[in-house]
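Report on the structure
This is what each chain is made of:
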Amino acid sequence: MLFYFLSLVTVSPEPVNDAITSTSAMAMKKVDSAAEHLDLMWTIFLFNSLAVITTSVGSGLLPFVQNVSIAELKMRAHHQRYMVFSVKAEQLFQLVSTLIKDSAERLNPGIAILRAQDNSETKSSIWERAKYSKEHFRLLAYVIPYLIPVIALTLNGMLLGSMFSFFIFNGALPFYNLIGPLGIVLGILYSVIYFLAFILPHGIIELPVIIVAGALGYRFASIYSDKIVKDRLLSGDEAESLEKDISYLNSIATEYIRSRYLWTMVGMMLILLLIAAYIETNITPNVALQTADFIDRLLS
């Protein structure tokens, strides 16, 4: 909501509303395209299921990118030309990287502990040969598992908040033009009730499922990243030591991905999403329409 109203302050309402409606149209276009081949209920269920599985299971898969990181580090250490090119490419994103590190440190105290640990590099170590920072490498390994759940929950929250603000603004403005200041209150009341009627019938199931999926991924990230700090992993100065630590971290991620608890939770979430998809396609539209008609009769 804050993002929406700040946008209105900096620019006129028309571009903000156009951006929201076009974004919603693009999102719905994917659903409509899939609905040409599947029933609408199954289409909604498919997209929501992909989002939930990506948020919960994907958090355990993403850390395996560290295998690529160590391979890239070894290549930098053994190939001078590649190292020079890679360092220059890295410098292009240095400002963004610094901002992310500083922001993440404020949100997660574990990052401050990691940065305070001994991250010194010995001479002729792989870090010196590759012109890469040990602290940065460890920090990246720490942050990676958090990316999917944090991004998923943030985007869903921003989307829901922006749509809620969109409803309120576009409900209050017409009422204000019709009957003056009192219309703002009536318009906001109408918008809130209609928004809730449009979201709650299926959202009361769907939204908690998304939050639980994010919580599963976040919990795994917390366990995985705490191991890096508490066991001082990835603190070695040669590739063999780093590969050993990465192998251990991979075993933690593998255990999470294969855990019966995770897949039991995923199964339960999919069942709930199927129920929510049925409600969204068969019940929510009628509830929203009847609510709008009821409010119209009260106001007329």
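Residues numbered from 1 in each chain as written. Predicted model: local features only at pLDDT ≥ 70, side-chain atom pairs only at ≥ 80, totals over all residues. Heavy atoms only, no water.

This paragraph deals with the overall build of the chain. Looking only at helices and strands, one finds 14 helices and 0 strands in the chain. Reading the secondary structure of the chain in the N-to-C direction produces α-α-α-α-α-α-α-α-α-α-α-α-α-α. Across the 300 residues that make up the chain, the buried fraction comes to 40%. Within the chain, contacts between residues at least 6 apart in sequence are counted, and of these 76% link residues at least 24 apart. Accessible area of the chain: about 17,400 Å², with a carbon and sulfur share of 69%. (Helix = DSSP H or I, 4+ residues; strand = E, 2+ residues; numbered from the N terminus. Buried < 20%, exposed > 50% of the residue type's maximum accessible area, 1.4 Å probe, protein only. Contact = heavy atoms within 4.5 Å. Areas by Shrake-Rupley, 256 points an atom, 1.4 Å probe, with all protein chains shown as cover.)

It is worth spelling out the environment of Met-75 at this point. Among the secondary structure elements, Met-75 is positioned in helix 5 (residues 66-78). A C-alpha to C-alpha distance of 8.0 Å links Met-75 and Ala-130, two positions 55 residues apart in sequence.

The phi angle at Lys-131 is positive, at roughly 55°, despite the residue not being glycine. Here Lys-131 lies in the loop between helix 9 (126-130) and helix 10 (134-179). The residue Arg-232 is not glycine, and still its phi comes out positive at about 50°.

This part takes up the environment of Tyr-248. Relative to the elements of secondary structure, Tyr-248 occurs in helix 12 (residues 239-258). A sequence separation of 15 residues divides Tyr-248 from Leu-233, and the C-alpha atoms of the two residues are 9.3 Å apart. Excluding its chain neighbours within four sequence positions, the residues that come into contact with Tyr-248 are Lys-227, Asp-231 and Leu-233.

Turning our attention to the packing of helix 5 against helix 6 (residues 80-92). Packing of helix 5 against helix 6 brings their axes to within 6 Å, and their N-to-C directions diverge by 120°. Put simply, helix 5 runs oblique to helix 6. Residues Glu-72, Met-75, Arg-76 and His-78 of helix 5 touch helix 6, and the partners they reach there are Gln-80, Tyr-82, Met-83, Ser-86, Val-87 and Glu-90. For the contact of helix 5 with helix 6, the residue count by class is 4 nonpolar, 3 polar and 3 charged. (Axes fitted to C-alpha atoms, helices over the stretch in contact; angles between N-to-C directions. Parallel < 35°, antiparallel > 145°, perpendicular 65-115°, else oblique. Nonpolar A, V, L, I, M, F, W, Y, C, P; charged D, E, K, R; others polar.)

For the pair helix 3 (residues 40-56) and helix 11 (residues 182-230), interaxial distance at closest approach is 7 Å and the crossing angle is 25°. Judged by the inter-axis angle, helix 3 sits roughly parallel to helix 11. Counted together, Asn-48, Val-52, Thr-55 and Ser-56 of helix 3 and Glu-206, Val-209, Ala-213, Gly-214, Leu-216 and Gly-217 of helix 11 form the full contact between these two elements. Among the residues forming the contact of helix 3 with helix 11, the class breakdown is 4 nonpolar, 5 polar and 1 charged.

This model, assessed by the stated rule, comprises 6 salt bridges. The closest approach of N and O atoms between Arg-76 and Glu-90, which form a salt bridge, is 3.1 Å. Pair noted here: Arg-76 is in helix 5 and Glu-90 is in helix 6, with a separation of 14 residues, a long-range link. According to the relative accessible area criterion, Glu-90 is partly exposed, its value standing at 33%. The closest approach of N and O atoms between Lys-227 and Asp-231, which form a salt bridge, is 4.0 Å. (Salt bridge = Lys/Arg side-chain N within 4 Å of Asp/Glu carboxyl O.)

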